[in-house]
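Chain by chain, the residues:
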Amino acid sequence: SKRGKASMPFLIKALQSGDKYQIRAACDAISQVRQFFGVSVKTNRRTPQSMTPEINAEAVPYLSPLLDHENMYIRVGALQALSRCGKAAAPHLPKVATFITDDEWWLRGGAAYVLQGVGSPEADKYLPSLAKTMLTERRIQCLNIMSAALKDLIRTSSNRQQLAEQIGEGLG
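The sections below set out a description of the structure shown in this document.

Criteria and thresholds
- Residues numbered from 1 in each chain as written.
- Predicted model: local features only at pLDDT ≥ 70, side-chain atom pairs only at ≥ 80, totals over all residues.
- Heavy atoms only, no water.
- Axes fitted to C-alpha atoms, helices over the stretch in contact; angles between N-to-C directions.
- Helix = DSSP H or I, 4+ residues; strand = E, 2+ residues; numbered from the N terminus.
- Parallel < 35°, antiparallel > 145°, perpendicular 65-115°, else oblique.
- Left-handed = near helix turned anticlockwise from the far one by under 90°.
- Contact = heavy atoms within 4.5 Å.
- Nonpolar A, V, L, I, M, F, W, Y, C, P; charged D, E, K, R; others polar.
- Salt bridge = Lys/Arg side-chain N within 4 Å of Asp/Glu carboxyl O.
- Buried < 20%, exposed > 50% of the residue type's maximum accessible area, 1.4 Å probe, protein only.
- Core = buried A, V, L, I, M, F, W, Y, C linked by side-chain atoms within 4.5 Å.
- Phe/Tyr/Trp six-rings, centres within 6.5 Å; stacked < 30°, edge-to-face > 60°.
- Lys NZ or Arg CZ within 6 Å of the ring centre and 35° of its normal.
- Lys, Arg positive; Asp, Glu negative; His and termini not counted.
- Polar contact = N/O pair within 3.5 Å; in protein donor to acceptor, adjacent residues only side chain to side chain.

Observations concerning the packing of helix H1 (residues 2–15) against helix H2 (residues 20–31)
Right, on to step 1. Axis separation between H1 and H2 bottoms out at 7 Å; the angle between their running directions is 140°. Taken together, the axis directions place H1 and H2 in an arrangement best described as oblique. In this structure, H1 meets H2 at a crossing whose hand is left-handed. Of H2, the residues touching H1 (which contributes Met 8, Leu 11, Ala 14 and Leu 15) are Gln 22, Ile 23, Ala 26, Cys 27, Ala 29 and Ile 30.
Right, on to step 2. Each residue belonging to the contact of H1 with H2 can be placed in one class, and the counts come to 9 nonpolar, 1 polar and no charged.

Written out as structure tokens, the structure reads:
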């Protein structure tokens, strides 16, 4: 949409600001996540979105360094924003995949969102790790996020049989 494209220069400036509140607000605007009592809630995907993956792709070079930010709140925001960048986030999947087993459940869930957002076939090789982590996940919110990502990726994969075998081998 025109509004999303017009806002991107301002969001990129905020991502580079160094101010954690501006950075997180920009991440939330890109991902179209709203904070509700400290819990991030994704917007309804059926509602018209002003920030499309094509528009958001422009922010990827500014989001990827935030995955190493010292503040977990910023790392989570960067993951959520990357999850809305489509295939443009694919080159960063090796770094994103490191969060699948992170001690912090917000980061594990964020990684699952990114895998789901990038989709098959790029995310397929990370699904065994995601499935294995799901087996020991104790946070129901994170388990739901991971389960939805895994189901969606398997459903949309062009090679479901091979993917199911890889997941089975990864669990074995």
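Topic: the pattern of salt bridges
Right, on to step 1. Taken as a whole and judged by the stated rule, the model has 5 salt bridges.
Right, on to step 2. Here Asp 28 ties to Arg 24 by a salt bridge, and the two come within 2.8 Å at their closest N and O atoms. Within this pair, Asp 28 and its partner Arg 24 are both found in helix H2, separated by 4 residues, close to a single helical turn.
Right, on to step 3. Residue Arg 108 is joined to Glu 137 by a salt bridge in which the shortest nitrogen-to-oxygen separation is 2.7 Å. Of this pair, Arg 108 sits in helix H7 (residues 105–118) while Glu 137 sits in the loop between helix H8 (127–136) and helix H9 (140–156), placing them 29 residues apart in sequence. Here Arg 108 matches Glu 137 in class, with each residue buried.

Some remarks on the environment of Tyr 113
Right, on to step 1. By secondary structure assignment, the location of Tyr 113 is in helix H7.
Right, on to step 2. A residue is classified by how much of its surface remains accessible, and Tyr 113, at 18% relative accessible area, is buried.
Right, on to step 3. Note: C-alpha distance between Tyr 113 and Leu 79 (34 residues apart in sequence) is 7.5 Å.

Considering the nonpolar core
Right, on to step 1. Counting 50 residues, the largest nonpolar core has Leu 15, Leu 63 and Leu 130 as its most contacted members.
Right, on to step 2. The set of elements that each furnish at least two residues to this core consists of H1, H2, helix H4 (60–63), helix H5 (72–82), helix H6 (93–97), H7, H8 and H9.
Right, on to step 3. Excluding residues that lie within four positions of it along the chain, Leu 130 makes contacts with Ile 100, Ala 112, Leu 115, Met 146, Ala 149 and Leu 150.

Examining the packing of aromatic side chains
Right, on to step 1. Scanning all chains against the criterion turns up 1 aromatic pair.
Right, on to step 2. Its guanidinium or amino end placed over the ring of Tyr 73, Arg 24 lies 4.5 Å from that ring's centre, counting from NZ or CZ.

Some remarks on the side chain of Asp 124
Right, on to step 1. For Asp 124, the location among the structural elements is in the loop between H7 and H8.
Right, on to step 2. One buried charged residue, Asp 124, remains without a salt bridge, the closest side chain of opposite sign being Lys 87 at 8.0 Å.
Right, on to step 3. Within the local environment of Asp 124, its side chain forms a polar contact with the side chain of Ser 157, the two groups lying 3.5 Å apart.

A short note on the packing of H5 against H7
Right, on to step 1. Orientation of H5 relative to H7, taken along the N-to-C sense of each, is 15°, at an axis distance of 8 Å. Taken as axis vectors, H5 and H7 run roughly parallel relative to one another. Seen along the crossing, H5 lies across H7 with a hand that is left-handed. Touching Met 72, Arg 75, Val 76, Leu 79 and Leu 82 of H5 are Trp 106, Leu 107, Gly 110, Ala 111 and Val 114, all from H7.
Right, on to step 2. Across the contact of H5 with H7, the residue classes tally to 8 nonpolar, 1 polar and 1 charged.

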